[in-house]
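What follows is each chain in one-letter form.
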Amino acid sequence: DVKVTQSSRYLVKRTGEKVFLECVQDMDHENMFWYRQDPGLGLRLIYFSYDVKMKEKGDIPEGYSVSREKKERFSLILESASTNQTSMYLCASSTRQGQLFFGSGTQLSVL
Amino acid sequence: ILNVEQSPQSLHVQEGDSTNFTCSFPSSNFYALHWYRWETAKSPEALFVMTLNGDEKKKGRISATLNTKEGYSYLYIKGSQPEDSATYLCAFGGSARQLTFGSGTQLTVLP
């Protein structure tokens with residue numbers, strides 16, 4: 001059974017903390033993505049990566065960075081968490097044709 | 001940022017009813033149109049990836065059509081069941097690597 005695994009289902013952090021969200025896929029996909037989901041706004045792309053050590057900004061990269069040291073792992077980093085980063089974060093990987101496979105999401109609350 | 005709109009935002013139907021909803025997207029630079037189903041507490045799952053104008057896809061009681069020239073896709077559910085309750089997301093792709101999502105249609109099927 002193919003999988004995209006996110007390290008935490010729920011996370012509570014304090015303003016100013018550095019936060020790491022980890023994502024691992026076992027499908028040997030080249031493309032990986034981080035989205036956030038907010039009510040009424042749909043999924044918005046933060047960053048994506050199409051190869052190891054490669055990254056590209058999505059629509060809302062401000063306040064985030066990413067790391068892709070291995071093909072199967074894509075990490076999202078909040079350098080200094082803020083309350084407006086409270087959200088559901090979804091990781092995904094995709095086939096060459098673009099079909100996405102999603103993780104189960106991380107609900108992050110920044111207090 | 002591309003404009004991808006879904007309507008209606010939410011929908012309540014009775015078990016057995018047939019229903020449909022709409023996704024509107026830019027009619028230029030088209031690569032693919034995706035439909036995903038997102039059930040509560042689960043990961044979004046791909047329903048269809050459509051690439052050609054006039055495409056019609058079917059999976060069980062769910063089908064979708066695509067008009068790239070006018071920039072819309074319809075998703076149909078025949079004989080809705082309570083297990084069809086979910087948020088249905090469409091996503092427009094101008095390339096294989098990057099999708100822009102609509103805000104979704106939340107469907108509730110009442111028994």
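Structure first, text after, so check above.
Residue numbers restart at each chain and count upward from 1, following the sequence in its written direction. Chain letters start at A and ligand numbers start at 1, both assigned in the order the entries are written. Thresholds applied to this predicted model are a pLDDT of at least 70 for local features of residues and 80 or more for the giving and counting of side-chain atom pairs; totals over whole chains, interfaces and linings are not thresholded and use all residues. Note that the side-chain values use all heavy atoms of the structure and ignore hydrogens as well as water.

Details of the state of the cysteines
Rules: To count as a disulfide, a pair of cysteine sulfur atoms needs to be within 2.5 Å. A run of H or I in DSSP counts as a helix once it spans at least four residues, and a run of E counts as a strand once it spans at least two, with each numbered from the N terminus. Accessible area is worked out with a 1.4 Å probe on protein chains only. A residue is then buried under 20% of its type maximum, exposed over 50%, and partly exposed in between.
Overall, the coordinates contain 2 disulfides over all chains when judged by the stated rule. Linked covalently through their sulfurs, Cys 23 of chain A and Cys 91 of chain A form a disulfide whose S-S length is 1.9 Å. One quick way to see it: the torsion about the S-S bond of Cys 23 of chain A and Cys 91 of chain A is about -75°, and its sign makes the bridge left-handed. Taken as a pair, Cys 23 of chain A in strand E4 (residues 23-25) and Cys 91 of chain A in strand E10 (residues 87-94) lie far apart in primary sequence, 68 residues in all. Residue classification places Cys 23 of chain A among the buried positions, given a relative accessible area of 0%. The class of Cys 91 of chain A is buried, set by a relative accessible area of 0%. For Cys 23 of chain B, the disulfide goes to Cys 90 of chain B, at an S-S distance of 2.0 Å. The sign of the S-S torsion, about 70°, decides the handedness of the disulfide formed by Cys 23 of chain B and Cys 90 of chain B: right-handed. Highlighted residues: Cys 23 of chain B in strand E3 (residues 19-24) and Cys 90 of chain B in strand E9 (residues 86-93), separated in sequence by 67 residues. Accessibility classification places Cys 23 of chain B together with Cys 90 of chain B in one group, the buried group.

Re unusual backbone geometry
Going from Ser 7 of chain B to Pro 8 of chain B, the amide bond is cis rather than trans, its omega being -5°. Here Asp 28 of chain A, not a glycine, exhibits a phi torsion of approximately 60°, which is positive. Among the structural elements, Asp 28 of chain A can be located in the loop between E4 and strand E5 (31-38). A positive phi is found at Ala 41 of chain B, a non-glycine position, where the angle reads about 70°. A relative accessible area of 62% means that Ala 41 of chain B is categorised as exposed.

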